[in-house]
Amino acid sequence: MNILLTGFEPFGGEAINPSWEVARSLHNQVIAGATVHSRCLPTVFGEAPRVLAEAISVVRPDLVLALGLASGRADVSIERVAVNLIDARIADNAGARPRDVPVRADAPAAYFSTLPVKALLHGLRAAGHPAGLSLSAGAFVCNQVFFELQHHLAGRGVKSGFIHLPALPEQAARTVPTVPSMGLGAQIDAVRLALAIALSGDEDPALAGTDEGSPTS
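The numbers attached to residues start from 1 for each chain and follow its sequence in the written order. It should be noted that, the model being predicted, local features are given only for residues of pLDDT at least 70 and side-chain atom pairs only at 80 or more, the latter also being counted only at that level, while totals for whole chains, interfaces and linings use all residues. In computing side-chain properties, one takes all heavy atoms of the structure into account and sets aside hydrogens as well as water.

Concerning the overall build of the protein chain
Then comes step 1: Per the secondary structure count, the protein chain includes 6 helices and 9 strands.
Then comes step 2: On C-alpha atoms alone, the protein chain measures out to a radius of gyration of 16 Å, which is about the 17 Å that the 2.2 N^0.38 rule sets for 217 residues.
Then comes step 3: Along the first, second and third principal axes, the C-alpha atoms of the protein chain reach 45 × 40 × 35 Å.
Then comes step 4: Relative accessible area decides the class of each residue, using a 1.4 Å probe on protein chains only: under 20% of the type maximum gives buried, over 50% gives exposed, and in between gives partly exposed. Evaluated residue by residue, the protein chain yields a buried proportion of 50% over its 217 residues.
Then comes step 5: Positive charges are assigned to Lys and Arg, negative charges to Asp and Glu, while His and the chain termini are left out of the count. Where a charge sits is defined by one atom per residue type, namely NZ (Lys), CZ (Arg), CG (Asp) or CD (Glu). Placing the 16 positive and 20 negative side-chain charges of the protein chain at their respective mean positions leaves the two points 2 Å apart. Where helices and strands are cited, they refer to DSSP runs of H or I of at least four residues and of E of at least two residues respectively, numbered from the N terminus. When we talk radius of gyration, it's over C-alpha atoms, and the globule rule is simply 2.2 Å times the number of residues to the 0.38.

Below, the structure is given as structure tokens:
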């Protein structure tokens, strides 16, 4: 079995992106019998989906988890919905800043994650990792990748989804006002566990009526 785990290159003037630091730390590790294949996606609207599609073709994964940075969030944010919208508040790494355009004009308004999101939430929390469910992956390259991922794999029976990670402490230290942060080791441990949970099976029906936590945006 193969896992495709993606992160992004730094963007917005940052020198580091925890999503890629986590992904590359887990490259070639075996988790629940599956080998992790990590890829770094460019933070560029025109390029990220192409690199993602090529990675899927090469790796032929049984599970795909895309990671991104959400500076300002305090927990591991498990995204539920990818929307068919690009509305960039800042330019990507190629200088493009598209506003109010669809990811795909011929696609649905939204796709849901096919990961067992509530099992991920409760499994991470039970292990001591701050985690929450999010109803918005934004409208930048992260959301575009999430949407393209779900579109590409729709109906193929491959579990896939997106998780946003907090800033690293060294990033938070340079931010005014200071944003929440989480150490790299804790982020790696949380993502490793999330992959194991995602591989373990479908959503637990017993969790259907439990508290999902506050939605983030």
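Let's talk about the state of the cysteines
Then comes step 1: Disulfides are defined as cysteine sulfur pairs within 2.5 Å. Scanning the entire structure with this criterion turns up 0 disulfides.
Then comes step 2: This cysteine, cysteine 40, is not joined by any disulfide, and cysteine 142 carries the nearest cysteine sulfur, 12 Å off.
Then comes step 3: Under the relative-accessibility criterion, cysteine 142 is labelled buried at 8%.

Describing the pattern of salt bridges
Any two side chains of opposite charge can pair if their charged atoms end up close together.
Then comes step 1: What counts as a salt bridge is simple: a side-chain nitrogen of Lys or Arg found within 4 Å of a carboxyl oxygen of Asp or Glu. The tally for this structure, following the rule as stated, stands at 8 salt bridges.
Then comes step 2: Among the ionic pairs, glutamate 21 bridges to arginine 24, the shortest N-O distance being 2.9 Å. Within this pair, glutamate 21 and its partner arginine 24 are both found in helix 1 (residues 18-25), separated by 3 residues, close to a single helical turn.
Then comes step 3: Note on glutamate 21: relative accessible area 14%, which makes it buried.
Then comes step 4: Taken together, the salt bridges that share partners define one network made up of Glu47, Arg50 and Glu54.

Things to note about the pairing of strand 9 (residues 159-165)
Working note: regular strand, side chains alternate between the two faces of the sheet.
Then comes step 1: Counting buried positions along strand 9 yields 7 of 7 residues, so the element is predominantly enclosed.
Then comes step 2: The alternating pattern of strand 9 places Lys159, Gly161, Ile163 and Leu165 on one face and Ser160, Phe162 and His164 on the opposite face, and all of these are buried.
Then comes step 3: Pairing of strand 4 (residues 63-69) with strand 9 involves 7 bridges; the strand directions are parallel. Looking at strand 9, one finds that leucine 67 is bridged to isoleucine 163.
Then comes step 4: With 2 bridges connecting them, strand 5 (residues 76-79) and strand 9 associate as antiparallel partners. Looking at strand 9, one finds that isoleucine 78 is bridged to isoleucine 163. A pair of strands counts as paired when DSSP detects no fewer than two bridges linking them.

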